[in-house]
Amino acid sequence: MKLHRLSTGLTYEREELENLLRGLNYQKKEMVSRPGEYSIRGSLVDVYPFTYRSPVRLEFRLDHLTAIRDFSPLDGKSFSCYDDVYLLPLTGEIQDKISRARERFESYEPLTDYHDLERGDYVVHFEYGIGRFLGTKIIQTLGVKKRHLAIEYADREILYVDLQDPVERYIGGEGAAPRLTRLNTKDWERAKEKTRLAVQSVARGLLELQAKRSLRHGTKFPRDAAWQKEFEAEFPFELTPDQAKAVTEAKEDMESEHPMDRLVCGDVGYGKTEVAMRACFKAVTGGKQVAVLVPTTVLAEQHYLVLKKRLKSFPVTVDVLSRFRSKREQSASVKALREGVTDIVIGTHRLLSQDIHFKDLGLVIVDEEQRFGVLHKERLKELRYSVDVLSLTATPIPRTLYMSLMGVRDMSIINTPPKNRLAVETHVLEYNEKRVMDAVQRELDRGGQVYFVHNRVQSILKVRDQLQELLPHVCFGVAHGQMPSEALEAIMQDFMEKRIDCLISTSIIESGIDIPNANTLIVNRADQFGLADLYQLRGRVGRFKEKRQAYAYFFVPQNWVLSGDAEKRLTAIERFTELGSGFKIALEDLSIRGAGNLLGHEQSGFIHAVGFDLYCRMLRKAVEDQKSESPVSGGKAFLEKTREL
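Let me sum up the structure you'll find in this document. Remember, predicted model here, so these are calculated numbers, not experimental data.

1. Details of the sheet that holds strand β10 (residues 129-141)
Taken together, 5 strands build an open sheet; the order of strands is β12-β11-β10-β9-β13 and the sheet is antiparallel. Strands at the two margins of the open sheet, each flanked by one partner only, are β12 (158-162) and β13 (167-169). Recorded for the sheet is a direction-independent mean angle of 45° between the axes of neighbouring strands. Here strand β9 (residues 122-125) runs beside β13; their pairing, made up of 3 bridges, is antiparallel. If you follow Val124 over to β13, its bridge partner there is Glu168.

Pasting the structure below:
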């Protein structure tokens, strides 16, 4: 039996290493949990040798094996470091021994492909409450052997439940570990009853808003004009089926007599902006003005440049308004909006200021509404009663929340990625100048461009100087939110037109920036970003019009001890790399920081008490019950009913 040795300091081609593992009869998995398994995630290769007490993690820089350490598959904690790891082939005899040992020594087997549960996860059984998932166990009842879920509750009581029982992974509202439910008490029923009363209030508010909208008459836009088809024909890509459906649904809303309030939800880079552009053009050809509200100045500038280019063949005027424009420029823009000279204005929350008045506003596009403050959201709520509103979000909505809101919000979900889209190859690494140089140079060698994210304005020029010294032949540009608008616009224009090789910026690029030629992302101090932010940043690359592999490097300081949450975030961003993984990212983010902000801070305690999934199911039922009692179609009757309550 041949012994295979892997040693730190040596070079192993990834394809060659994977062929070796397959030849040893190891099975490839997304995450290793049993002897004889391996997984490959970016620069990390996890292997579970059957002669070791724990799996080992091989850490690479390019093809250079830099470290070997074992770790716990339950929580990822590392125990020991090694210079070498020894692998033996898994023969049939050895595999039989592993199976017998597992049956003999493991009380509970790990469970795969069941609601993504892992040992140690908190779960919610809708009848018994919150417990800790231990694994599965075969139990014989009345002479019949059957596999059950093992769940630990308070006071170390273990309950064995059927695999078909209503059990979901627990996601709380406060990002903290929940209290385990005491069995054979009324604790769980009391928690559900309090939550049931709370969701009735939320449901009432949602339905009241819909009822008010149903009583108002908005702009009934005409059907598509000839120019609409010409404008849409200039889109250089083919719409995905989900994009086409979202466009159709938005147009049908605009052609109805009630104000549109539609949410377009899709993963990063899935084409929400094109849906918005077509709605903008339809509104303008229908004789109305359009306001496009975005969360950052740099996104406003980019949308302005892109839309101006897209509309060059049509007599449509576009302007941009943000607090970084001079007072003189802002005054001119405000006057043009009031007099109806400007058809489409793109801007930050500056558009919601009291001095902004439109001659004939018909449509508001809101990009990432959750990034705006409470006062801004109140202003948007007022607008929803009178004008059409189309909201865009790249934060995927978990299915249970989607189902609970489906009866009171109009939603378009874009789940299909554009053609030729590849998953972004993702690496989490300690900062290394050579690694940065190699990543930049590889992208430039194939004619591409690079984002380098450094989220500190005070030191961003120092970082530029350091990179310029390392790569003197590279043209760098710097962009951040405190720059004058003219300078920021010029930098973005130069980057879009490929006069800049590498854009060094703060996180202002994370929302909506679409520059297909930029296909390598480098993030400095990635440990200081939230998971949703990391995911949004990664979404800036991988948009090339043809198949081209994109790369994302998330750097942390050398020998740095990460906080528990930072380590979870970085593990998640490296783990979930496949296309459309935004939903998994959203759930992981919810489990790390809590779900309270999705439905208002005041609801976080109730979400924490029963778990996110059960909360959403209860909300959905409350909406259905109140709609059946006071149908929204009878808007006045419903409003009278809610006032009584």
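2. A closer look at the packing of helix α7 (residues 297-310) against helix α13 (residues 485-496)
Between α7 and α13, the least distance of the axes is 10 Å, while the angle of their chain directions is 55°. One element, α7, and the other, α13, form an angle in the oblique class. The chirality of how α7 crosses α13 is right-handed. Judged by residue contacts, Thr297, Val298, Glu301, Gln302, Tyr304, Leu305 and Val306 of α7 engage Ser485, Leu488, Glu489, Met492, Gln493 and Met496 from α13. For the contact of α7 with α13, the residue count by class is 7 nonpolar, 4 polar and 2 charged.

3. Some points on the environment of Ala550
In this structure, Ala550 sits in the loop between α14 (531-538) and β26 (551-556). Relative accessible area serves as the criterion here: at 1%, Ala550 is assigned to the buried category. Considering only alpha carbons, one finds Ala550 and Thr520, 30 residues apart in sequence, at a separation of 5.8 Å. When near neighbours in sequence (up to four residues on either side) are disregarded, Ala550 contacts Val424, Glu425, Arg446, Asn519, Val541 and Gly542.

4. Describing the pattern of salt bridges
Enumeration according to the criterion identifies 31 salt bridges in this entry. One salt bridge in this structure joins Glu18 and Arg22, with 3.5 Å as the shortest N-O distance. Taken together, the positions of Glu18 and Arg22, both in helix α1 (residues 14-23) and 4 residues apart, correspond to about one turn of that helix. In this structure, Arg57 and Asp46 form a salt bridge, with 2.8 Å as the shortest nitrogen-oxygen distance. You can see Arg57 sitting in strand β5 (residues 56-61) and its partner Asp46 sitting in strand β4 (residues 44-47), a full 11 residues away along the chain. Since its relative accessible area comes to 2%, Asp46 is described here as buried. If you follow the salt bridges from partner to partner, you end up with Arg223, Asp224, Glu232, Lys251, Glu255, Glu274, Arg278, Lys282 and Arg310 in one network.

5. Points about the packing of aromatic side chains
All told, the structure shown has 9 aromatic pairs when counted by the stated rule. Between the aromatic rings of Phe231 and Phe314, the centroid separation amounts to 6.1 Å while the plane-to-plane angle is 70°, which identifies the pairing as edge-to-face. Of this pair, Phe231 sits in helix α4 (residues 226-233) while Phe314 sits in the loop between α7 and β16 (318-321), placing them 83 residues apart in sequence. Residue Phe231 shares its accessibility class with Phe314, and that shared class is buried. Seen from their ring centres, Tyr451 and Phe495 are 5.5 Å apart, and the 55° between their planes marks the pair as tilted. One end of the pair, Tyr451, is in strand β22 (residues 449-453); the other, Phe495, is in helix α13, and 44 residues separate them in sequence. Side by side, Tyr451 and Phe495 carry an identical accessibility label, which is buried. Among the aromatic side chains, those forming a connected cluster through ring pairs are Trp227, Phe231, Phe281 and Phe314.

6. Quick word on the sheet that holds strand β15 (residues 289-293)
Reading across from one edge, β16-β17-β15-β18-β19-β14-β20 is the order of the 7 strands in this open sheet, with parallel pairing throughout. Edge positions in the open sheet fall to β16 and β20 (410-414), since each of these has one partner strand only. Here the average twist between neighbouring strands, direction ignored, is 15°. Of the pairings in the sheet, the one linking strand β18 (residues 361-367) to strand β19 (residues 388-393) comprises 5 bridges and is parallel in character. What sits directly across from Ile365, in β19, is Leu390. Against the sheet, helix α8 (residues 327-339) touches β15, β16 and β17 (344-347), its axis set at about 130° to β16.

7. Digging into the nonpolar core
The biggest cluster of nonpolar side chains holds 73 residues, and the ones touching the most others in it are Val290, Ile344, Ile365, Tyr451, Leu521 and Phe554. At 8 residues, the largest contribution of residues to this core is made by helix α6 (residues 272-285). Apart from the residues lying within four places of it in its own chain, the contact partners of Tyr451 are Phe495, Leu503, Ile509, Ile513, Ile515, Ala518, Thr520, Leu521, Ile522, Arg540 and Val541. In this structure, Val202, Leu614, Cys616 and Leu619 belong to the second largest nonpolar core, which totals 21 residues.

8. Examining a negative patch on the surface
Negative charge collects at one region of the surface, where Glu13, Glu15, Glu16 and Asp63 lie side by side. With respect to the helices and strands, the residue Glu16 is situated in helix α1.

9. Let's talk about the side chain of Glu249
Looking at the element boundaries, Glu249 is found in helix α5 (residues 241-255). On the accessibility criterion, Glu249 (16% relative accessible area) is buried. Side chain to side chain, Glu249 and Ser412 meet in a polar contact 2.4 Å long. Aside from chain neighbours lying at most four places away, what touches Glu249 is Arg262, Met411 and Ser412.

10. A short note on unusual backbone geometry
A positive phi angle is found at Asn25, which is not glycine, with a value near 70°. Note that Asn25 resides in the loop between α1 and β2 (27-28). The phi dihedral of Asp155 is positive, around 60°, even though this residue is not glycine. Position of Asp155 among the secondary structure elements: in the loop between β11 (144-152) and β12. In this structure Asp155 comes out as exposed when scored by relative accessible area, which is 65%.

11. Quick look at α1
Taken residue by residue, α1 has Leu17, Glu18 and Leu21 as its buried positions. Along the axis of α1, the buried residues cluster in a sector spanning 95°; they form a single face. Along α1, exposed side chains directed more than 90 degrees from the buried face belong to Glu15 and Gly23. Along its buried surface, α1 packs onto β1 (4-7), β2, β3 (37-41), β4, β5 and β8 (84-87). Positive backbone phi, at 70°, marks Asn25, one or two positions downstream of α1.

12. Focus on the packing of α5 against α6
Contact geometry of α5 with α6 gives a least axis separation of 9 Å together with a crossing angle of 30°. Compared by their axis directions, α5 and α6 come out roughly parallel. For the crossing formed where α5 meets α6, the hand is right-handed. In this structure, α5 contributes Gln243, Ala246, Val247, Lys251, Met254 and Glu255 to the contact, and α6 contributes Glu274, Val275, Arg278, Ala279, Lys282 and Ala283. Residue composition of the contact of α5 with α6, grouped by class: 6 nonpolar, 1 polar and 5 charged.

Definitions and limits used
- Residues numbered from 1 in each chain as written.
- Predicted model: local features only at pLDDT ≥ 70, side-chain atom pairs only at ≥ 80, totals over all residues.
- Heavy atoms only, no water.
- Pairing = 2+ DSSP bridges.
- Helix = DSSP H or I, 4+ residues; strand = E, 2+ residues; numbered from the N terminus.
- Axes fitted to C-alpha atoms, helices over the stretch in contact; angles between N-to-C directions.
- Parallel < 35°, antiparallel > 145°, perpendicular 65-115°, else oblique.
- Left-handed = near helix turned anticlockwise from the far one by under 90°.
- Contact = heavy atoms within 4.5 Å.
- Nonpolar A, V, L, I, M, F, W, Y, C, P; charged D, E, K, R; others polar.
- Buried < 20%, exposed > 50% of the residue type's maximum accessible area, 1.4 Å probe, protein only.
- Salt bridge = Lys/Arg side-chain N within 4 Å of Asp/Glu carboxyl O.
- Phe/Tyr/Trp six-rings, centres within 6.5 Å; stacked < 30°, edge-to-face > 60°.
- Core = buried A, V, L, I, M, F, W, Y, C linked by side-chain atoms within 4.5 Å.
- Patch = residues over 30% accessible without salt bridge, like charges linked within 9 Å, V, L, I, M, F, W, Y side chains within 5 Å.
- Areas by Shrake-Rupley, 256 points an atom, 1.4 Å probe, with all protein chains shown as cover.
- Lys, Arg positive; Asp, Glu negative; His and termini not counted.
- Charge placed at Lys NZ, Arg CZ, Asp CG, Glu CD.
- Polar contact = N/O pair within 3.5 Å; in protein donor to acceptor, adjacent residues only side chain to side chain.
- Arc of directions from axis to C-beta.

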